[in-house]
Structures are given as structure tokens and as C-alpha cells.
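Fold and geometry: a report
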Number of protein chains: 2
Amino acid sequence: MDIPSHITIKEVGPRDGLQNEKVILSTKEKIAWINRLSQTGLSYIEVTSFVPAKWIPALADALEVASTIERKKGVTYAALVPNIYGLERALQANIDEINVFVSSSETHNKRNVNKSISDTLDVIKEVADQSLFTGRKVRGYVSTIFGCPYEGKINLDKIKKIIDSLLNMGIYEISLGDTIGIANPLQVEHTLEELKKSFPLSIFAMHFHNTYGRGLANILVSLQQGITTYDSSFGGLGGCPYAAGASGNVATNDLVNMLHTMHVQTGIDERALTLARRIIDDKLGKRFSSHLLQIKNEQVKK
Amino acid sequence: MDIPSHITIKEVGPRDGLQNEKVILSTKEKIAWINRLSQTGLSYIEVTSFVPAKWIPALADALEVASTIERKKGVTYAALVPNIYGLERALQANIDEINVFVSSSETHNKRNVNKSISDTLDVIKEVADQSLFTGRKVRGYVSTIFGCPYEGKINLDKIKKIIDSLLNMGIYEISLGDTIGIANPLQVEHTLEELKKSFPLSIFAMHFHNTYGRGLANILVSLQQGITTYDSSFGGLGGCPYAAGASGNVATNDLVNMLHTMHVQTGIDERALTLARRIIDDKLGKRFSSHLLQIKNEQVKK
């Protein structure tokens, strides 16, 4: 199997995970957990989102979390930023890297940020300019790549145009979001085959949700295509606002375990990663969709 | 992606699923559920196991279940049979097809049936002879192909010899069992590449457990290798006697959904399959590891 020997995992649990969980961690718990995640060998943690508190009450403490966590050398601490006001707070917290987001579906984007895609790209340009000016790298999420809860399949030419716009702003990486976890391996292959006609695949990260249990299968196809960066969430925390009962992002724990058994290096210490659950186990343990953590938790109970 | 356009799913929930569940269905519930499964387009259902009741109390009613279920035309009703006594009962119930089993690990086999592999093959030969004499096809499970809880990795030459013995008995299909769900896609590819040097891949079925969440990824690689027959369990029922908290077989529901989104035909009606949960939902619903059924159950609650 021709797949990369090393890959990078970008941990999005403290942001994408927690923003979709009903159970809210205290600020102290979030900080302790992120500090623990920093000790696992993860090289990238998206620690919070600087969106207005009324949008996502669970992350209202973004500034305190981002300002208080310990910064381990070699780890990039990133945050999601929707606009210039969010960026101001992110800079106040001295966040390492700025993540911006736009949907490839007009309807989904409108419902998400109450703006057209075009207007959203204008806002992102402003955020990117400012971020780059302060010497920070900017990463872009493009969501609903494999299907939208409102519009269904999204035209690939439209997706390419959005990616083009983001790259022209100096954004270094595009995270292709399977927002509702509907992608299938055949579609992932087809999409990447198409995208690589226009872009080097090295600019892409894959962001799969495990809604239908095929997140790891979709990652396998992405590996076969040569993609080396993957977003995932500790324990599989998250869920999906469009499907009650759904599991969240692909679980970092299960992903790391699969990769290591396939001799793909991640730089992550599996044991340390498993132990990082302890900080949040009491509150979120029942919500872990990670297969590995479900077994670990059962072992502890015995 | 070069994968088969049609595949066969062999439903093992009523046997492999129920034998590993703590919750025991009544005989009436089992019969009603199997009758319902017969209406989904499934062409093969392993309905029970004719092992001594003291081995698996949950399937002590094997004879009554197998004798009472309605037989739908076009559906093969199979049962697991450990020895000639089990076969007698299976024939009494007029089971269509006989499934025999042996482990590729000497230790696992010993713990499972208290016999050496060689002695087990002698017993299987007796069962196969008798079954074939009555005009019934015989299918063979070979377990711990990708790793054993006692012995770790099993030598492939040893596995090949066991397969050879079974084929020489007239067994038409070998189901390669990932008994503890430890296989990874790289290993599956390697194993099938090796096996196809000695056997046509068309004699193999893949039997994955989803212990670590990579069952569908392992199936994807098997599809890429050209395998067209897969064992799975309704709802992902089952579990693993060696890992408390583990999910069971790959969930038929999630597998069918993935295959259909990839335009692979299974002959199964997804809606009818989803509805088949209702018969057992009250007792086993909480045990469904199927992502699809977890979402469906949440939708019903709302």
C-alpha cells in the first residue's frame, strides 16, 4: 500500500468537539485538559473559537482558556476566528495560528454566519491580512465539501473557486470538511482526483466526521491519495447539529491507533493520549465515541 | 476505485451477535427478528449455533428457533455446528447450510473447543462428510487470522495449511475471522496478497469485528482486493469476549449504507433493514454500536 510514512494530526477536540457537546466543561477543566493534550506528542491543538459567546456559549471563555494554557515548545496553538473582532481577542491571547472558515454551500454558510459566501470571503481577507501582518499563519476550513444538509452535493468548480480565493489571501492550508460525515471512500477518491488537477494535494488537510462510522475508511482513501494532514477530535467528541445521536469528529485515539498499527508515524504517544481522558472523563466519558476509549473505560471499571 | 459492483452480505447477528450479548432474547423474539431480517433482501442468515447449551446458554433454543422461523425463498438459513451431535440437531431443523469453525491459533482453539487444531479438523471432516452427503453446502470459519489474544500474530503458512485441509473436505467458502478486531488495512492487504498466491480470492469471505473502529476501513481494502463476500451483524451486535466494552461485528446497517453510497449493490433494502431493529430495540437497542441505528433511535425519541 502506497501511503505516507509520516502524517500530522491536528487536534480539534477543544474547539470542534466541545462546541457540539451538550455538557460544558469549566474553564479550569478545559485548561487542564489542553495542558494534558500538550504532553501527548500532538504538534497542533485548536484550543478554542473566538466567536461571539451568544453563538457558542460553551466556548464563551475563549480568551481565558487561550491566555492561561501552558505553551509547550513545538506545539502550535490555534484558534478559530470568524471576523476581525474575534481576531483581536485571539491576538490578545497571543494565539500562534489563526483558523478561518467558510462553507462551500451558500445556504449552510448563510445559516452559519448569516452572510453570503462572497461576503464571508471579504471578512476572511481582512482577518488573513491582519494575521499575516502579525506574522501568523492562517489556515482555512471549507465545510460541506462532501454534501450539505440543505443543498446536497456541492459543485466541485464552486469549491475550487473558494479554495483559489483562500490561497490568494496567503492561506497556507485548506481543511476539507465533511461537516455532516456523509462522505464515502469512492467520493473522497473522486474529489481528491479532481482537486489535484488544480492544486498540489500538499495544501489539503482532511476533516472527517464519523457520523456513519466510515471516517477511518475515508481517511484510508485519503492516505492512498497521499494526504498527510488530518483533523480529529480526542475521544471522537463532537456530534453533529444536523443529526441527533451522531458521533463527532473522527476520534484521535482510534486514528492514531490505526496509523501506528500500519507503521505510519504520528509523533504521538498513544499511552499519554489515552491517559489524557482522565481530566474530562467524569463529565464527558459517556460521550466518547472512540472505540479505544470505550474499552479503556470498561477496563478501569473492572 | 476498482472494486466489485455487487457483493454478498452474510448476516451473523442472530448467532455471532447474540452469543456475545449479555442480554438474552426470548425464543419468540429471536424468531420474530429473524423473520423480519428475511424481509430485508438479505440472502444469507446464520440463525443460530448448535453448540452444547452449557457452552452458550443464550443459544440453548437453537433447535426451536431454527425449526420455527419462516423460510423465505431465496434466503439461505445457516447454522454453526461444532460436531456431529450439533449436526444431528441442525439436520433435524432442516438447516440449509452448515458452518464449521476452527481457530488458526492452537491456544485459542484449545480454549474454544478444548481440542487441538488437528483433532478439530478431524471432527470437521466428519461433519463436512455428513453434511455434503445430505446435499448441504459447508462453509468454514477460520478465526484469529489477524491476531490471537493468546499467541499474537499467527503464521500465514499455518493458516494456509488449515485452509487447504478445509478445501480438501469440500468446504466451498472460508470466512477469514478477525476475531478480536485487531486487523489493520495494511495487514489485510498483505494477508490477501499472500493468500491469493495459493488460492483464488473468490473462496474467501471477510469477517471483521469493529473493536477498534476500523472494520469498514478493513472492508474497503478487501473490496479493493476484490473480495465479494462479507460477514456482518445487525446493529453491530456482539462484542468481544477478550475486551469488555468492545463493539461487536461490523454493523450490517453501516456496511450496507457505505456500500450503497459507493454504488456497490447488496440486494438489501436499507429502509427495511433499519426497521428490523424494532423487534429487538427494547432489549438490545442500547447495545447497537451501529452509527446509523444510533441516529435512527435518537430521531424516534424526538
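None of the values given here were measured: they were computed from a predicted structure. (Residues numbered from 1 in each chain as written. Chains lettered and ligands numbered in written order. Predicted model: local features only at pLDDT ≥ 70, side-chain atom pairs only at ≥ 80, totals over all residues. Heavy atoms only, no water.)

Regarding the overall build of chain A
From N to C terminus, chain A includes 13 helices and eight strands. Relative to a compact globule of 302 residues, whose C-alpha radius of gyration would be 19 Å, chain A shows 18 Å and is just as compact. Per-residue burial over chain A gives 62% buried out of 302 residues. Sequence-distant contacts in chain A: of pairs separated by 6 or more residues, those separated by 24 or more amount to 74%. Summed over all atoms, the accessible surface of chain A reaches about 11,600 Å², with 48% contributed by carbon and sulfur. Looking at charge distribution, chain A has the averaged site of its 34 positive side-chain charges lying 4 Å from that of its 32 negative ones. (Helix = DSSP H or I, 4+ residues; strand = E, 2+ residues; numbered from the N terminus. Rg over C-alpha atoms; globule rule 2.2 N^0.38 Å. Buried < 20%, exposed > 50% of the residue type's maximum accessible area, 1.4 Å probe, protein only. Contact = heavy atoms within 4.5 Å. Areas by Shrake-Rupley, 256 points an atom, 1.4 Å probe, with all protein chains shown as cover. Lys, Arg positive; Asp, Glu negative; His and termini not counted. Charge placed at Lys NZ, Arg CZ, Asp CG, Glu CD.)

Regarding the relation of the copies chain B and chain A
Mapping chain B onto chain A leaves a residual RMSD of 0.0 Å; the transformation is a rotation of 180° accompanied by 0.0 Å of translation along its axis. Given the turn and translation reported, the copies of this chain are related as if by a two-fold rotation axis. When C-alpha positions in chain B are compared against the rotation axis, the closest is assigned to Ala217 of chain B, at 2.0 Å. Interface overlap between copies is the fraction of interface residues in one copy that are interface residues in the other; for chain B against chain A it reaches 100%, indicating a shared surface. (Least-squares fit on C-alpha atoms with pLDDT ≥ 70 in both.)

A closer look at the UniProt feature "domain: Pyruvate carboxyltransferase" (unreviewed entry) in chain A
According to UniProt, the positions carrying the feature "domain: Pyruvate carboxyltransferase" (unreviewed entry) are residues 7–274 of chain A. As a span, residues 7–274 of chain A carries 40% helix and 16% strand, and end to end its C-alpha atoms are 19 Å apart. (UniProt positions renumbered as here; feature names shortened; annotations may be inferred.)

Details of the pairing of strand β8 (residues 229–232) of chain A
All names here are of chain A. A two-sided burial pattern is seen for β8, the buried positions comprising Thr229 and Asp231 on one face and Tyr230 and Ser232 on the other. Pairing of strand β1 (residues 8–11) with β8 involves four bridges; the strand directions are parallel. The residue of β8 that forms the bridge with Lys10 is Asp231. Relative to β8, strand β7 (residues 204–208) runs parallel, the two being bridged by two bridges. From the neighbouring strand, Met206 faces β8, where its bridge partner is Tyr230. Once the chain exits β7 it traverses helix α9 (residues 215–225) before rejoining the sheet at β8, and the crossover so formed is right-handed. (Pairing = 2+ DSSP bridges. Right-handed = clockwise from strand over helix to strand, strands pointing away.)

Some points on the pattern of salt bridges
Residues and elements named next belong to chain B. One pass over the full model with this rule turns up 26 salt bridges over all chains. One salt bridge in this structure joins Arg71 and Asp96, with 3.5 Å as the shortest N-O distance. Of the two residues, Arg71 is situated in the loop between α3 (62–68) and β3 (76–80) and Asp96 in the loop between α4 (84–92) and β4 (97–103); the sequence distance between them amounts to 25 residues. In this structure Arg71 comes out as partly exposed when scored by relative accessible area, which is 33%. (Salt bridge = Lys/Arg side-chain N within 4 Å of Asp/Glu carboxyl O.)

Observations concerning the environment of Ile3 of chain A
All names here are of chain A. Relative to the assigned elements, Ile3 resides in the segment before β1. Since its relative accessible area comes to 16%, Ile3 is described here as buried. Sequence separation of Ile3 and Thr211 is 208 residues, and the distance between their C-alpha atoms is 25 Å. Residue contacts for Ile3: discarding those within four places in its chain leaves Leu223, Gln224, Met262 and Val264.

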